[in-house]
Amino acid sequence: MMKALILKRYGKSDQLAFADISPPVIKPDEMLVQVHAAGLNPIDNMIPKGTFKAILKLTLPATMGSDVAGVVVKTGSRVTRFKLGDAVFASTFDLGTGALAEFAVVPESAASIKPTNLDFVQAASIPMVGLTSWQALKERANLKPGQKVFIPAGSGGIGTFAIQLAKHLGAKVGTTTSTANVDLVKRLGADEVIDYKMQAFEDVLQGYDAVLGTVRGDGIEKSLRILKPESKVVSLIGPPDAAFAHARGMNFLMKFIFWLISCKIIRQAKKRNIEYSFLFAHPDGQQLGEIGKLLEAGVIRPVIDKIFPFNQAKEALAYLEAGRAKGKVVVKII
């Protein structure tokens, strides 16, 4: 038996609990990883409430978490890239397997060798924010040297990574943060820093080529004012669009619902000749390997706010949900 933090059922009240469960059985293309550390992400607090119930197909009870760093202890018959004893890191998001446990199932395609200069806690802080930033800035926004990208909430988990990646891509970065974190985001490379307690970003910034939507509320609509024509908004917080529903093979009703809830922002964007899209990051071991090279070269460094022991994983999630973390929150399993 192994210990895991599981979601028993969806609901507003606390539905998370530690449980002793049977170690997972791996398929031929999967590995069993002894988890040393698991990184937390905002979506880990949204899933138990049922926010993504229509999108993520979890079989309850389900092990929570998706950012994992650990050691391979068993490999499936088709696994060729990894061997027993390898230190790896991966995102298992949307793959039906969790990370907040003593052992985790990791598909070979989702994993990469842990960067040699990072410990397991640092490595566990990377997968979700790294892949999200990579897929948003490199693939979706196609960010080019000299372009300007707005990455709000620069001191958060996504922000601290995305700022560094955008600078590596040669872009100029604008961000928002509180007074206490201005120096942090400047050290990470932000060029234009707006203290949101003092100024409204839409009154100060202008001429931007891309926006990474990371803040709930009316931030996406306001960001349209700072963008040039033919620019792009890549939203991580919604609303999901019909293209997203189509890519996930959803039925006509879900495609219509997503079209309905996104048509307002898409219409507003089109009026300004701006392209809007919603991004749900997907696991990708090859991309994680490229990110690992940047980490090993010191081009990007992990930013970790706080480390919790495994038996305080629920407290770690509550701390993250409070919204004051500078960088990532990580749970240390071993």
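Up top is the structure these notes are about.
Residues numbered from 1 in each chain as written. Predicted model: local features only at pLDDT ≥ 70, side-chain atom pairs only at ≥ 80, totals over all residues. Heavy atoms only, no water.

**Q** Is there a simple way to explain the sheet that holds strand β2 (residues 16-21) in this structure?
**A** Sheet strands pair by backbone hydrogen bonding; their relative direction is either parallel or antiparallel. Judged by pairing direction, the sheet is antiparallel, and its three strands sit side by side in the order β2-β1-β4 without closing on themselves. Each edge of the sheet is formed by a strand with only one pairing partner; in this case those strands are β2 and β4 (62-63). Two strands pair when backbone bridges link them, and strand β1 (residues 2-7) and β2 are joined in this way by six bridges, in the antiparallel orientation. The partner of L7 across the bridge, within β2, is L16. (Pairing = 2+ DSSP bridges. Helix = DSSP H or I, 4+ residues; strand = E, 2+ residues; numbered from the N terminus.)

**Q** Where do I start with helix α9 (residues 252-271) in this structure?
**A** Residues spaced three or four apart along an α-helix face the same direction, because each turn holds 3.6 residues. With 20 residues, α9 should cover 28 Å at 1.5 Å per step; its first-to-last C-alpha distance of 27 Å lies within 8% of that length. Where α9 bends most, at C263, the angle is about 50°. Elements in contact with the buried residues of α9: α7 (219-223), α8 (242-247) and β14 (275-278). N-cap assignment for α9: the residue whose side-chain oxygen lies 3.2 Å from the backbone N of L253 is N251. Positive backbone phi, at 60°, marks N273, one or two positions downstream of α9. (Expected span 1.5 Å × (residues − 1). Bend = angle between axes of the 7 residues up to and from the residue. Contact = heavy atoms within 4.5 Å. Polar contact = N/O pair within 3.5 Å; in protein donor to acceptor, adjacent residues only side chain to side chain.)

**Q** How should I be thinking about the pattern of salt bridges in this particular structure?
**A** Two side chains of opposite charge can pair, provided their charged atoms sit close to one another. The full count for this structure, using the stated rule, is 12 salt bridges. A salt bridge links K222 to E202, with the nearest nitrogen and oxygen atoms 3.9 Å apart. Within this pair, whereas K222 is found in helix α7, its partner E202 is found in helix α6 (residues 201-204), the two being separated by 20 residues in sequence. E202 gets classed as buried once you look at its relative accessible area, which sits at 14%. D209 is the salt-bridge partner of K228, the closest N and O atoms lying 2.9 Å from each other. Of this pair, K228 sits in strand β13 (residues 227-235) while D209 sits in strand β12 (residues 208-213), and the two are 19 residues apart along the sequence. Judged by relative accessible area, K228 falls into the partly exposed class, the value being 36%. Owing to a relative accessible area of 16%, D209 belongs among the buried residues under this scheme. Linked by salt bridges that have partners in common, E202, D218 and K222 make up one network. (Salt bridge = Lys/Arg side-chain N within 4 Å of Asp/Glu carboxyl O. Buried < 20%, exposed > 50% of the residue type's maximum accessible area, 1.4 Å probe, protein only.)

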